[in-house]
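# Summary of the model geometry
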Amino acid sequence: MSTTLLLVQALNGLQLGILLFLLAAGLTLVFGIMNFINLAHGSLYMMGAFIAATVFRHTGSFLLAAAAVVAGMALLGLLLDRIALARLYPRDHLDQVLATFGFILFFNELTRILWGPAPISMGLPSWLSGTIDILGVTYPLYRFLIIVVGLLVAAGCYLLIHRTRLGMLIRAGSTDRMMVGALGVNIARLNTLLFVLGAVLAGLAGLMAGPILSAQTGMGEPILILTLVVIVIGGIGSVRGAFLAALMVGLIDTLGRALLPTLLRAALPPAAANAAGPAIASMLIYIVMALVLAMRPQGLFPVRHG
């Protein structure tokens, strides 16, 4: 494999990792700090993609689509929290799993009713359709934008959690919720804010994925599995862990799919190598997760309090 192709695949792996981080950041906050298992997080990603595609097709503006996703997902997250999920926060995990699995079915049927069964493609404006030169390699500008947006979101999450009063309350609430509540902090409002933030981040991931994958019913379930792998590897509740683990998973998956078929051709016929390479690359992610669970059950980058 040439150096140029290797660099392109590494950038693709970084881009996949960034998309996974946008999902994992919200999910790890909700799961790690609120102790709430939200299997419908992938459905929020799907809804973000559908909202973005719809607004873009009617306006032709990517910026308006982005604004609509942020506003729409904040409202959807608030409604979900207030109408249904707030009652589930004190319940055990089995109740949470069953209820949020029901929301997966609900949102899948909702998208079929509103948008039909066919995927909805989302184009790109001309200013995002070009290419950019990175170390002598031509790379799509939009994919590079995904990387930049993800890095900005990661920096924003770090500043929010470690440099603001709200972040202090979030970290304190994850350590001792009863004590924080006794000090006069409205825990229910804090939970709602965290869930809304997670919904917006999931919708943002759907917006960024829309032009690449198209918006389609059921698109949230496969990426939810990868997102859960990311937060297990990184450490539940750790945004820093989610970021580093997402990059790790993205690079393992993308580089594995690119390199393994070439390596396997030394021992297998080309057709068999081309079929086995991607399958083994997918398995590597779960092998890494199993090794992490065996050696560091708390994750590679567990959340640090204090």
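Residues numbered from 1 in each chain as written. Predicted model: local features only at pLDDT ≥ 70, side-chain atom pairs only at ≥ 80, totals over all residues. Heavy atoms only, no water.

### Here we look at the nonpolar core
Phe 21, Phe 195, Leu 207 and Met 208 are the most contacted members of the largest nonpolar core, which has 82 residues in total. Broken down by element, this core gets its largest block of residues, 14 residues, from helix H1 (residues 3-34). If you look at the next biggest cluster of nonpolar residues, it comprises six residues, including Val 8, Ile 134, Tyr 139 and Ile 147. (Core = buried A, V, L, I, M, F, W, Y, C linked by side-chain atoms within 4.5 Å. Buried < 20%, exposed > 50% of the residue type's maximum accessible area, 1.4 Å probe, protein only. Helix = DSSP H or I, 4+ residues; strand = E, 2+ residues; numbered from the N terminus.)

### A word on the environment of Leu 201
In this fold, Leu 201 is placed in helix H8 (residues 187-213). Residue Leu 201 is classed as buried on the basis of its relative accessible area of 6%. Spatially, the C-alpha atoms of Leu 201 and Phe 21 are 9.2 Å apart, while their sequence positions differ by 180 residues. In contact with Leu 201, not counting residues within four places along its chain, are Leu 22, Ala 25, Gly 26, Val 153 and Cys 157. (Contact = heavy atoms within 4.5 Å.)

### Here's the deal with the UniProt feature "transmembrane region" (unreviewed entry) in the chain
The UniProt record annotates "transmembrane region" (unreviewed entry) at residues 6-29, 62-85, 97-115, 141-161, 193-213, 225-252 and 272-294. Helix makes up 100% of residues 6-29 and strand 0%, with an end-to-end C-alpha separation of 34 Å. Along residues 141-161 one finds 100% helix and 0% strand; the C-alpha atoms at either end are 30 Å apart. (UniProt positions renumbered as here; feature names shortened; annotations may be inferred.)

### Description of the environment of Tyr 158
Looking at where Tyr 158 falls in the secondary structure, it is placed in helix H5 (residues 141-163). On the basis of relative accessibility, which here comes to 42%, the residue Tyr 158 falls in the partly exposed class. Residues Tyr 158 and Leu 5, 153 residues apart in the sequence, show an inter-C-alpha distance of 33 Å.

### Some words on a nonpolar patch on the surface
On the surface, Ile 280, Met 283, Leu 284, Ile 287, Leu 291 and Met 295 cluster together to form a nonpolar patch covering roughly 560 Å² of accessible area. Among the structural elements, Met 283 can be located in helix H11 (residues 270-295). (Patch = residues over 30% accessible without salt bridge, like charges linked within 9 Å, V, L, I, M, F, W, Y side chains within 5 Å. Areas by Shrake-Rupley, 256 points an atom, 1.4 Å probe, with all protein chains shown as cover. Salt bridge = Lys/Arg side-chain N within 4 Å of Asp/Glu carboxyl O.)

### Some points on the packing of aromatic side chains
Counted according to the given criterion, the structure contains seven aromatic pairs. Judged by centre distance (6.4 Å) and plane angle (90 degrees), the ring pair of Phe 103 and Phe 106 falls under edge-to-face. On the criterion of helical spacing, the pair formed by Phe 103 and Phe 106 is a turn pair, its members being three residues apart in helix H4 (residues 93-115). For Phe 103, a relative accessible area of 18% translates into the label buried. For the ring pair Phe 106 and Phe 107, a centre distance of 5.3 Å and an interplane angle of 70 degrees mean the geometry is edge-to-face. With a relative accessible area of 46%, Phe 106 lands in the partly exposed category. A connected cluster of aromatic rings, assembled from ring pairs, spans Phe 103, Phe 106 and Phe 107. (Phe/Tyr/Trp six-rings, centres within 6.5 Å; stacked < 30°, edge-to-face > 60°.)

### What to know about H11
Helix length check: H11, at 26 residues, gives a terminal C-alpha distance of 36 Å against a target of 38 Å (1.5 Å per residue), a fit within 8%. Of all the residues in H11, the buried ones are Ala 273, Gly 277, Ala 281, Ile 285, Met 289 and Val 292. As for H11, its buried residues are in contact with helix H9 (220-234) and helix H10 (239-264). (Expected span 1.5 Å × (residues − 1).)

### Overview of helix H2 (residues 41-59)
The end-to-end C-alpha separation of H2 is 27 Å, in line with the 27 Å expected for 19 residues at 1.5 Å each. Among the 19 residues in H2, 14 count as buried, and that is most of the element. In the segment just after H2, Gly 60 is the residue with positive phi, at about 75 degrees.

### Remarks on the pattern of salt bridges
As enumerated under the stated definition, the model contains four salt bridges in all. Of the charged contacts in the structure, one is a salt bridge between Arg 91 and Asp 95, with a shortest N-O distance of 3.1 Å. According to the relative accessible area criterion, Arg 91 is partly exposed, its value standing at 45%. Using a relative accessible area of 24% as the deciding quantity, one classes Asp 95 as partly exposed. Two residues, Arg 112 and Glu 109, come together in a salt bridge whose shortest N-O distance is 2.7 Å. Note that Arg 112 and Glu 109 are positioned in helix H4 at a spacing of three residues, about one turn of the helix. Glu 109 sits in the partly exposed class, given a relative accessible area of 43%.

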